[in-house]
Amino acid sequence: MRILNPNYIYINGDFKENIAVAFNSKIESIDNIEKLKEKYQDVEVIDCGKNSVLYPGFINTHVHLEFSANRTTLKYGNFMRWLYSVIDNRDELLNRCDNAMMQRACEDMLSSGITTFGAISSFGTELEVCEKTPQKVIFFNELIGSNMAYIDALYNDFLVRVKASKEAIENGIIPAIAMHSPYSVHPVALKRALEVAKANNMPISAHFLESPEEREWFEDGSGEFLEFFKKYFNTTQPMTTIDEFLSYFDNTPTHFTHLTQAKEKELKYISKNGHSIAHCPRSNRFLGCGKLDLEKVQELDILFSVATDGLSSNSSLNIFDELYSAIMIHNGEDLIKLSKLLISSVTTQPAKIFNLNSGEIEEGRDADFAIIKLADTPSSLNDIALYTILHTKKVNSLFISGEQII
Ligand code: MCF
Ligand code: FE
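Right, let's walk through the structure included here. (Residues numbered from 1 in each chain as written. Chains lettered and ligands numbered in written order. Predicted model: local features only at pLDDT ≥ 70, side-chain atom pairs only at ≥ 80, totals over all residues. Heavy atoms only, no water.)

**Brief notes about the sheet that holds strand 4 (residues 20–23)**
Pairing within the open sheet is mixed, and its 4 strands lie in the order 5-4-1-6. Pairing within the sheet leaves two strands with one partner each, and these edge strands are strand 5 (27–31) and strand 6 (44–47). The sheet shows a mean angle of 20 degrees between the axes of neighbouring strands, direction not considered. One ladder, built from 3 bridges, connects strand 1 (residues 2–5) with strand 4; its direction is antiparallel. Bridge pairing in strand 4 places Arg2 opposite Phe23. (Pairing = 2+ DSSP bridges. Helix = DSSP H or I, 4+ residues; strand = E, 2+ residues; numbered from the N terminus. Axes fitted to C-alpha atoms, helices over the stretch in contact; angles between N-to-C directions.)

Structure (structure tokens):
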């Protein structure tokens with residue numbers, strides 16, 4: 001048993017003073033330091049230092065580790081430009097991305113306080129790194145493939161990867177499934193994969209309504225996606241519609257990534273069916289995709305996470321960089337309220353979405369903690385979320401299931 005004694009603590013969506021936490025691998029007790037010392041005598045008390053803030057470990061629900069080699073290879077600025085550059089450079093990028101590089105990506109996430117992440121795995125090559133990293137990993141095996149001629153082979157390969165991730169549960173892996181997107185997964189394969197997810201009670205994720213081009217393709221069957229499909233697949237018609245794609249997920253709450261091009265109608269449907277959203281503001285900006293309607297998302301009580309996406313469409317996997325950018329991008333929102341909402345989007349909200357026993361400082365939860373230090377005394381408790389986002393790049397210490405990592 002140990003006790004963490006911070007200046008401030010993020011608890012029940014607010015910041016409080018004079019609260020300490022006793023923990024083993026799980027949180028045992030939350031009370032003021034005197035009471036905890038009395039209750040647990042002779043235990044180590046870790047004083048977190050002046051102006052310290054204790055947060056639950058942060059959760060980054062959406063990252064592509066396999067694309068970590070990208071810096072100046074992929075083309076940013078416009079979604080189709082990016083997509084063509086992925087197709088042209090994918091093999092070379094994947095070859096350059098070895099275990100050491102992916103491990104460094106995990107370490108970068110650790111240094112910004114990420115104790116759990118969702119790995120979107122296109123090929124399964126990051127499984128070993130994800131098993132070794134101290135973080136907990138929701139391992140989203142991605143299904144992709146629109147050509148019926150290859151669907152069986154792709155689907156079988158997908159099943160092999162799902163099986164490998166199921167065998168890694170004892171190493172901190174939570175097996176999960178990702179449908180790449182409505183334009184790239186054949187509905188026949190998608191329905192089969194959804195049955196697998198349902199039977200195994202696995203989390204599900206899908207990129208959806210990311211770019212204006214994607215919306216145009218589904219609404220009118222025209223635009224740059226038409227050229228793309230003619231060129232690579234010799235097809236001229238979308239395989240599904242926006243509404244039909246959504247309806248496939250009716251009984252399986254799904255974490256939809258991006259939704260920058262979603263309208264009120266789709267967001268209402270998402271809310272009604274208990275789905276959630278991964279919001280990747282920098283990725284959306286860099287690929288010219290627009291921004292999520294955060295006001296509507298809040299109005300409709302949709303749970304959302306802020307996530308980094310991969311280095312394939314971002315400049316870092318630092319969650320503080322992402323939160324900072326979210327503040328700048330959503331410039332119409334009240335700054336203080338938005339900052340607090342953003343902290344919940346990397347803690348309590350993703351924990352709720354994926355039913356994780358972390359993301360909240362509460363007795364019985366996993367002892368996953370991120371501790372940061374403000375440079376100075378905060379002017380008010382209510383502004384701590386903003387000060388944290390504005391001035392933090394790295395955490396001072398980090399615990400995962402009670403073990404000190406940093
Ligand atoms: O989230 C971003 C942008 N949207 C879609 N896909 C990806 C992103 N970053 C990496 N990807 C991957 C995706 O998982 O790109 C690959 C897929 O395996 C090719 S998309 C034709
Ligand atoms: Fe992504």
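**Some words on the sheet that holds strand 15 (residues 303–306)**
Hydrogen bonds between backbone atoms are what pair the strands of a sheet, whose relative direction is either parallel or antiparallel. Sheet architecture is open: 8 strands sit in the order 8-9-10-11-12-13-14-15, paired in parallel fashion. Of all the strands in the sheet, the pair left with one neighbour each is strand 8 (58–63) and strand 15. Across the sheet, the mean angle from the axis of one strand to that of its neighbour is 25 degrees, orientation sign disregarded.

**Concerning the coordination of the iron ion (ligand 2)**
Summarising the metal site, the iron ion (ligand 2) is bound by the protein donors His62 (NE2), His64 (NE2), His207 (NE2) and Asp309 (OD), whose distances to it range over 2.1 to 2.4 Å. Within one chain, the residues donating to the iron ion (ligand 2) are spaced in sequence as H-x1-H-x142-H-x101-D. Residue His62 is located in strand 8, and its partner Asp309 is located in the loop between strand 15 and helix 13 (319–329); the two are separated by 247 residues in the primary sequence. Comparing His62 with Asp309, the two get one shared label, buried. (Donors = N, O, S within 2.8 Å, 3.2 Å for Na, K, Ca; no water. Buried < 20%, exposed > 50% of the residue type's maximum accessible area, 1.4 Å probe, protein only.)

**Describing unusual backbone geometry**
A positive phi is found at Asn201, a non-glycine position, where the angle reads about 55 degrees. Inspection of the secondary structure assignment puts Asn201 in the loop between helix 6 (187–200) and strand 12 (204–208). The exposure class of Asn201 is exposed, given its relative accessible area of 71%.

**Quick notes on the pattern of salt bridges**
For side chains bearing opposite charge, pairing can occur when the charged atoms are close. Applying the stated criterion across every chain, the model contains 20 salt bridges. In this structure, Lys340 engages Asp14 in a salt bridge whose closest nitrogen and oxygen atoms are separated by 2.7 Å. Placement of the pair is Lys340 in helix 14 (residues 335–345) and Asp14 in strand 3 (residues 14–17), with a sequence separation of 326 residues. On the basis of relative accessibility, which here comes to 33%, the residue Asp14 falls in the partly exposed class. In this structure, Asp243 engages Lys265 in a salt bridge whose closest nitrogen and oxygen atoms are separated by 3.5 Å. Of this pair, Asp243 sits in helix 9 (residues 242–248) while Lys265 sits in helix 10 (residues 264–272), placing them 22 residues apart in sequence. On the accessibility criterion, Asp243 (43% relative accessible area) is partly exposed. The class of Lys265 is exposed, set by a relative accessible area of 52%. Taken together, the shared-partner salt bridges in this structure form one network comprising Lys26, Lys136, Asp366 and Asp368. (Salt bridge = Lys/Arg side-chain N within 4 Å of Asp/Glu carboxyl O.)

**Regarding the pairing of strand 8**
Within strand 8, 6 of the 6 residues are buried, which leaves the element mostly enclosed by the surrounding structure. Relative to strand 9 (residues 114–121), strand 8 runs parallel, the two sharing 4 bridges. Directly across from Asn60, in strand 9, lies its bridge partner Phe117.

**Remarks on a nonpolar patch on the surface**
Taken together, the side chains of Tyr324, Met328 and Leu390 make up a nonpolar region of the molecular surface, amounting to roughly 290 Å² of accessible area. With respect to the secondary-structure elements, Leu390 resides in helix 16 (residues 384–391). (Patch = residues over 30% accessible without salt bridge, like charges linked within 9 Å, V, L, I, M, F, W, Y side chains within 5 Å. Areas by Shrake-Rupley, 256 points an atom, 1.4 Å probe, with all protein chains shown as cover.)

**Here's the deal with the packing of aromatic side chains**
Summed over all chains, the structure comprises 28 aromatic pairs. Note on Tyr10 and Tyr55: the rings are 5.7 Å apart at their centroids and 40 degrees apart in plane angle, and the pair reads as tilted. Linking Tyr10 in strand 2 (residues 8–11) with Tyr55 in strand 7 (residues 52–56), this pair joins segments that are 45 residues apart in sequence. Across the pair, exposure class does not vary: Tyr10 and Tyr55 are buried alike. Geometrically, the ring pair formed by Phe228 and Tyr232 is tilted, given 5.2 Å between the ring centres and 50 degrees between the ring planes. Of the two residues, Phe228 and Tyr232 are both situated in helix 8 (residues 224–233); the distance of 4 residues between them amounts to about one turn of the helix. (Phe/Tyr/Trp six-rings, centres within 6.5 Å; stacked < 30°, edge-to-face > 60°.)

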